[in-house]
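Results of the structural survey
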Amino acid sequence: MTSGFQTGDAATLRIVVLAGGVGGSRFSIGVRESLRRRPGAGASGFTIVVNTGDDLWLSGVRLQPDVDSIVYALAGVNDTARGWGREGDSERVNAELQAWGSGWPWFTLGDLDLGTHLARTGWLRDGLSPTQVIERMSRRWPLGATLLPMTDAEVDTQVALGDGTSMHFQEWWTRHRATLEPVRFDNPGIDRAAPAAGVLEAIAEADVVLIAPSNPVVSIGPILAVPGIREALRATDASVVGVSPIIGGRVVRGMADVCLRAIGVDTSAAAVAAHYGARSDAGLLDVWLIAEEDAASADEIERRGIRTVVTPLWMKDAAASAAIVDAALAAVEG
Ligand code: FO1
């Protein structure tokens, strides 16, 4: 167990968040809000390491759904009702792509969103790395955070099915709505991938690492599978605090229960805590935040060597998300 950071260090409080798309962006807004309220705390110490397993090539452009969800949300230009894409977007180009038979008929690329994909693809073709592309995107919209992809390598998530076939995660998620029972999730090539520049350093130098309430399997899973990241989390002096994506024994969003079942993990706050494991027992967590609805499982999680904090976990707005972050920081503040 690491020693807690001091409130007096607020000006240099360094937070790293591991995040997926929708849950990760709501949580990141909470971190930014929580930091803004802390006396003397600047946003310069806030780093988000984002899952890139959802990424894909479609209609000749590179999509980075989780990156874009976080960028759009922190920039305040996201479609909050749908949970992805740009607010007020139109679909003229998408209709034309569909008429050409380009892309996927079940997958919508909004006009404004396509602007992002075209710019990104152009920069990638110019030789910029995904990390550099995101840095350039952050110049347009100051995000209040440094956003880093987990890796610059293309390690898109594939879903293996019982009949021996596999498909890209996005097809399984958006076309089949996770109704095809998966047997495995793979990120081909990830064992040879390196963490993006700055990821290991941010984790090593952090005061607190927060694991967002994102999908533990297809959002946090790929991040932890990048060689070196799990080891960095185990080695850092920072406290590692996870936030349960399960409330009242149910997944908060998405179809994470199907993903958890595929890797043999129950849909419960205790089972997900056990999946991440205690840092004192070869796992990752020092502290686990669970919802009031799951308070009964606190003792079981504590017995695994993970300090457990019971607190409201519904991220209904920025203030609620910030309160979760406040609770996480209070748990480890020395
Ligand atoms: N999700 C959908 O359910 N339908 C779509 O047509 C769709 C298009 C889309 C385009 C760009 C993008 O960045 C995300 C998009 N998403 C869409 C969201 C995405 O499939 C997933 O929600 C995430 O990858 C899971 O985190």
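Anyway, here's the lowdown on the structure attached to this text. (Residues numbered from 1 in each chain as written. Predicted model: local features only at pLDDT ≥ 70, side-chain atom pairs only at ≥ 80, totals over all residues. Heavy atoms only, no water.)

Points about the pattern of salt bridges
For clarity, the cut-off: Salt bridge, as used here: a side-chain nitrogen of Lys or Arg that lies within 4 Å of a carboxyl oxygen of Asp or Glu. Put simply, DSSP H or I for four residues or longer makes a helix, DSSP E for two residues or longer makes a strand, and each gets a number counted from the N terminus. Three labels apply to residues, based on accessible area from a 1.4 Å probe with only protein chains included: buried if under 20% of the type maximum, exposed if over 50%, partly exposed otherwise in between.
Taken as a whole, this structure holds 15 salt bridges when the rule is applied. The partner of Asp 326 in a salt bridge is Arg 37, with the nearest N and O atoms 3.8 Å apart. One end of the pair, Asp 326, is in helix H13 (residues 318-332); the other, Arg 37, is in helix H1 (residues 22-37), with 289 residues separating them in the sequence. Accessibility expressed as a relative area gives 31% for Asp 326, which makes it partly exposed. Between Asp 156 and Arg 62 there is a salt bridge, and its shortest N-O distance comes to 2.9 Å. Residue Asp 156 is located in the loop between strand S5 (146-149) and strand S6 (158-161), and its partner Arg 62 is located in strand S4 (residues 61-63); the two are separated by 94 residues in the primary sequence. Here the residues in one salt-bridge network are Glu 33, Arg 37 and Asp 326, joined through shared partners.

Points about H1
Applicable threshold: In this analysis, the expected span of each helix is defined as 1.5 Å times one less than the number of residues it contains. Contact criterion: two residues are considered in contact whenever any of their non-hydrogen atoms come within 4.5 Å of each other.
Here H1 spans 23 Å end to end across 16 residues, near enough to the 22 Å set by a 1.5 Å rise per residue. All of the buried residues along H1 are Gly 23, Gly 24, Ser 25, Phe 27, Ser 28, Gly 30, Val 31, Arg 32, Ser 34 and Leu 35. At its buried positions, H1 is contacted by strand S1 (15-19), strand S2 (46-50), helix H2 (65-75), strand S9 (208-211), strand S10 (239-243) and H13.

Quick word on the pairing of S9
Operational definition: Strand pairing requires that DSSP identify at least two bridges connecting the strands.
Side chains Val 208 and Leu 210 of S9 all project onto a buried face; the interleaved residues Val 209 and Ile 211 project onto the opposite face, where all are buried too. Taken together, the four bridges between S1 and S9 define a ladder with parallel strand orientation. In the sheet register, Ile 15 faces S9, and the bridge partner there is Val 208. For S9 and S10, the ladder comprises four bridges, and the chain directions are parallel.

Observations concerning the packing of aromatic side chains
To be explicit about the condition: The pairing test for Phe, Tyr and Trp rings, Trp by its six-membered ring, is centres within 6.5 Å, and the orientation test on the planes gives stacked under 30 degrees, edge-to-face over 60, and tilted for anything in between. Sitting over a ring, as applied to charges here, requires NZ of Lys or CZ of Arg to be within 6 Å of the ring centre and within 35 degrees of the ring normal.
Evaluated as defined, the whole model comprises eight aromatic pairs. Geometrically, the ring pair formed by Trp 104 and Phe 107 is edge-to-face, given 5.7 Å between the ring centres and 90° between the ring planes. For Trp 104, a relative accessible area of 17% puts it in the buried group. Taken together, a centroid distance of 5.8 Å and an interplanar angle of 70° make the contact between Tyr 276 and Trp 288 edge-to-face. On the criterion of sequence distance, the pair formed by Tyr 276 in helix H11 (residues 269-276) and Trp 288 in strand S13 (residues 287-290) is long-range, its members being twelve residues apart. Both residues of the pair, Tyr 276 and Trp 288, count as buried. Taken together, the aromatic side chains of Phe 169, Trp 172, Trp 173 and Phe 185 make up a single cluster linked through ring pairs. For Arg 82, the ring lying beneath its charged end belongs to Trp 84, and the centroid distance is 3.8 Å.

Considering the sheet that holds strand S8 (residues 182-186)
Under the convention used in this document: Axis lines are fitted through C-alpha atoms, for helices just across the contact stretch, and the angle between N-to-C directions can take any value from 0 to 180 degrees.
With respect to topology, three strands assemble into an open sheet ordered S7-S6-S8, the strand pairing being antiparallel. On the outer flanks of this sheet lie strand S7 (166-168) and S8, each paired with one strand and no other. With direction set aside, neighbouring strand axes in the sheet form an average angle of 25°. Direction of pairing for S6 relative to S8: antiparallel, over a ladder of four bridges.

Notes on the site of the ligand
Heads up, the condition is: Being near a molecule or strand, for a residue, means having at least one of its heavy atoms within 4 Å of it. For this analysis, a polar contact is any N or O atom pair within 3.5 Å, provided that within protein one partner can donate a hydrogen and the other can accept it, and provided that sequence-adjacent residues contribute only side-chain to side-chain pairs. Computed with a 1.4 Å probe, the accessible areas rest on the Shrake-Rupley method; for each residue, only the protein chains presented here act as cover.
Around the ligand, the structure places 13 residues, and the nearest of them are Asp 54, Asp 66, Thr 108, Gln 170 and Arg 177. Contact distances for the ligand include 3.1 Å between an oxygen atom and a side-chain N or O atom of Asp 66. In the model, an oxygen atom of the ligand is placed 2.9 Å from a nitrogen or oxygen of the Thr 108 main chain. When isolated, the ligand has an accessible area of 530 Å², and the protein chains bury 90% of it. Contributing elements (two or more residues each) for the shell around the ligand: H2 and helix H6 (169-175).

Comments concerning the environment of Ala 282
Here Ala 282 lies in the loop between H11 and S13. In this structure, the C-alpha to C-alpha distance between Ala 282 and Arg 234, residues 48 residues apart in sequence, is 7.8 Å.

Examining H11
Along H11, six of the eight residues are buried, which leaves the element largely enclosed by surrounding structure. Buried residues along H11 sit against S9, helix H8 (220-225), strand S11 (246-247), helix H10 (256-262), S13 and helix H12 (298-303). Phi turns positive one or two residues past the end of H11, at Gly 277, with a value near 80°.

Overview of the nonpolar core
For soluble globular proteins, nonpolar side chains are generally found buried alongside one another. Convention followed: Throughout this description, the term nonpolar core refers to a set of buried Ala, Val, Leu, Ile, Met, Phe, Trp, Tyr and Cys residues connected via side-chain atoms within 4.5 Å.
In this structure, Leu 18, Trp 172, Val 209, Tyr 276 and Trp 288 are the most contacted members of the largest nonpolar core, which totals 55 residues. When residues in this core are grouped by element, the largest group, six residues, is from H11. If we skip the residues at most four places from it in the chain, Tyr 276 touches Ile 211, Pro 216, Ile 220, Leu 224, Gly 283, Leu 284, Leu 285 and Trp 288. Listed in part, the 42 residues of the second largest apolar core include Ala 19, Leu 74, Val 133 and Ala 212.

Comments concerning the sheet that holds strand S14 (residues 307-310)
Pairing in this open sheet of seven strands is parallel, and the strands run S5-S2-S1-S9-S10-S13-S14 from one edge to the other. The open sheet terminates on both sides in strands that have one partner only, identified here as S5 and S14. For this sheet the average axis-to-axis angle between neighbouring strands, irrespective of direction, equals 20°. Bridge analysis of S2 against S5 gives four bridges, and the strand direction is parallel. Its bridge partner lying in S5, Thr 47 is registered against Thr 146. This element, H11, spans S9 and S13 of the sheet and lies at about 160° to S13.

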